[in-house]
Amino acid sequence: MLTASIQETLEAGRHIVDAALDRLIPPVDQQPESIHRAMRHSVFAGGKRLRPILCLEAARMIAGSLPAGIEELGSALEMLHTYSLIHDDLPALDNDDLRRGHPTCHVVYGEATAILAGDALQTFAYEVLAKLRCPAEAKVRIIEEIARATGTVEGMIGGQVMDLEAERKKPDGKTLEFIHRYKTGALITASLVTGGLYAGCGHAELQRLRDFGRSVGLAFQIIDDVLDVTQSSAQLGKTAGKDQAVEKATYPALFGLEASIKQADMLVASG
Ligand code: IPE
Ligand code: IPE
Ligand code: MG
Ligand code: MG
Ligand code: MG
């Protein structure tokens, strides 16, 4: 019963966010066509829409129902996430040719267009954020929260840099935890926190959303590492076994599969 209702929430959230993304992102016949095709290729290749759904559900929890326009905040988060995936897959980073069950952006459109499509999704996300339908003070706090979470200091880009620099180096547990918290956990936390801010939540509720994001954000990347080892490329829609090939800093590599899964379970239970 409970499972069915979670399933329904995920599906309904995906539907709301997909419709908003389709409405917001310029159509493929908008000049220059190639960049809009590339942006849409990666955004609509599939994807769980986890970050926007967390944002929507945080806002629903605070406000009692979905606040009007929240799907635009969710869409901006998904644009930023998709930009990070396009760049993560580039030859200079993880060099992946499969994403969300489709050839990666640079494989289809070439590296230059893929770099620009990532850039474009990032700048467009901030245009969408600037137009959010919430009080100006909340809007500024939302923009700051997201910019920080995707930036270099304890944010997504900082985590990506540490991830690349840790290849073939077997970092210690503390460094590994930072990589995961920054490259993945930070945007997941920001999704929950900004959903709360949009819905007008107070300081104590905001802190609870932040604490929850911190736990599930880290757990999410631990499980992403576990799945890289335990699932096939067909199941994942991205290249399996990739982390081992370049000796990425992962939880299974440092602690083993069983301890990694236990750690993720503990984090989720504590959130
Ligand atoms: C993949 O994120 C990249 C990570 C940060 C682990 P997701 O597993 O949320 O990927 P999509 O959005 O569903 O494709
Ligand atoms: C990706 O981490 C993190 C970001 C895109 C910010 P991974 O490199 O582990 O993600 P996948 O496994 O390619 O999806
Ligand atoms: Mg990576
Ligand atoms: Mg990768
Ligand atoms: Mg991974």
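Everything here concerns the structure above.
Residues numbered from 1 in each chain as written. Chains lettered and ligands numbered in written order. Predicted model: local features only at pLDDT ≥ 70, side-chain atom pairs only at ≥ 80, totals over all residues. Heavy atoms only, no water.

Draft legend 1. Spatial organisation of the site of ligand 1. What surrounds ligand 1 is the set G47, K48, R51, H81, L85, R100, T184, F220, Q221, D224 and K238. Here an oxygen atom of ligand 1 sits 2.6 Å away from a polar atom, N or O, in the side chain of K48. Between R100 and ligand 1, the recorded distance is 2.7 Å, taken from a side-chain N or O atom to an oxygen atom. Summarising the interface, the protein chains cover 88% of the accessible area of ligand 1, which totals 400 Å² for the free molecule. Those elements that provide at least two residues to the shell around ligand 1 are α4 (70-88) and α10 (203-230). With three residues, the single largest contributor to the shell around ligand 1 is α10. Partitioning the shell around ligand 1 into residue classes produces two nonpolar, four polar and five charged. (Near = heavy atom within 4 Å. Polar contact = N/O pair within 3.5 Å; in protein donor to acceptor, adjacent residues only side chain to side chain. Areas by Shrake-Rupley, 256 points an atom, 1.4 Å probe, with all protein chains shown as cover. Helix = DSSP H or I, 4+ residues; strand = E, 2+ residues; numbered from the N terminus. Nonpolar A, V, L, I, M, F, W, Y, C, P; charged D, E, K, R; others polar.)

Draft legend 2. Molecular detail of the nonpolar core. Core analysis: the largest hydrophobic core is formed by 48 residues, its most contacted members being I25, L73, M79, L121 and I142. Mapped onto this core, the elements with two or more residues apiece are α1 (2-24), α2 (33-43), α3 (50-63), α4, α6 (111-130), α7 (136-149), α9 (173-198) and α10. Setting aside chain neighbours within four positions, we find M79 in contact with L21, L24, I25, L121, F124, A125 and V128. Counting 10 residues, the second largest nonpolar core, distinct from the first, contains A166, L218, I222 and Y251. (Core = buried A, V, L, I, M, F, W, Y, C linked by side-chain atoms within 4.5 Å. Buried < 20%, exposed > 50% of the residue type's maximum accessible area, 1.4 Å probe, protein only. Contact = heavy atoms within 4.5 Å.)

Draft legend 3. How the structure looks around the environment of D18. Positionally, D18 belongs in helix α1. Residue classification places D18 among the partly exposed residues on the basis of a relative accessible area of 27%. D18 sits 60 residues away from E78 along the chain, and the two C-alpha atoms are 9.6 Å apart. Look past the residues within four positions of D18 in its chain and what remains in contact with it is F44 and R49. Within the structure, the side chain of D18 is placed 2.6 Å from the side chain of R49, a separation counted as a polar contact.

Draft legend 4. How the structure looks around the coordination of the magnesium ion (ligand 3). D88 (OD) and D94 (OD) make up the full set of protein donors to the magnesium ion (ligand 3), lying at 2.2 Å. Taken as a pair, the magnesium ion (ligand 3) and the magnesium ion (ligand 4) lie 3.1 Å from each other and share D88 as a ligand. For the pair D88 and D94, one class covers both residues: buried. (Donors = N, O, S within 2.8 Å, 3.2 Å for Na, K, Ca; no water.)

Draft legend 5. Examining the packing of α3 against α9 more closely. Contact pair α3 / α9: the axes reach a minimum separation of 6 Å and the direction vectors enclose 30°. It follows that α3 is roughly parallel to α9 by the angle criterion. The two elements α3 and α9 meet at a crossing, and its hand is right-handed. Along its contact with α3, which presents L50, R51, L54, C55, A58, A59 and I62, the element α9 presents T184, L187, I188, S191, L192, T194, G195 and G196. By residue class, the composition of the contact of α3 with α9 is nine nonpolar, five polar and one charged. (Axes fitted to C-alpha atoms, helices over the stretch in contact; angles between N-to-C directions. Parallel < 35°, antiparallel > 145°, perpendicular 65-115°, else oblique. Left-handed = near helix turned anticlockwise from the far one by under 90°.)

Draft legend 6. Region of interest: the site of ligand 2. Neighbouring ligand 2 are the residues S84, L85, D88, D94, R99, M156, Q160, K183, T184, Q221, D224 and K238. At 3.3 Å from an oxygen atom of ligand 2 is found a side-chain nitrogen or oxygen belonging to K183. The side chain of K238 places a nitrogen or oxygen atom 2.6 Å from an oxygen atom of ligand 2. Contact with the protein chains removes 91% of the 390 Å² of surface that ligand 2 exposes when unbound. Of all the secondary structure elements, the ones that give two or more residues to the shell around ligand 2 are α4, α8 (156-165), α9 and α10. Per-element accounting of the shell around ligand 2 gives the leading share, three residues, to α4. Counted by class, the shell around ligand 2 contains two nonpolar, four polar and six charged residues.

Any functional reading would require information that these geometric values do not contain.
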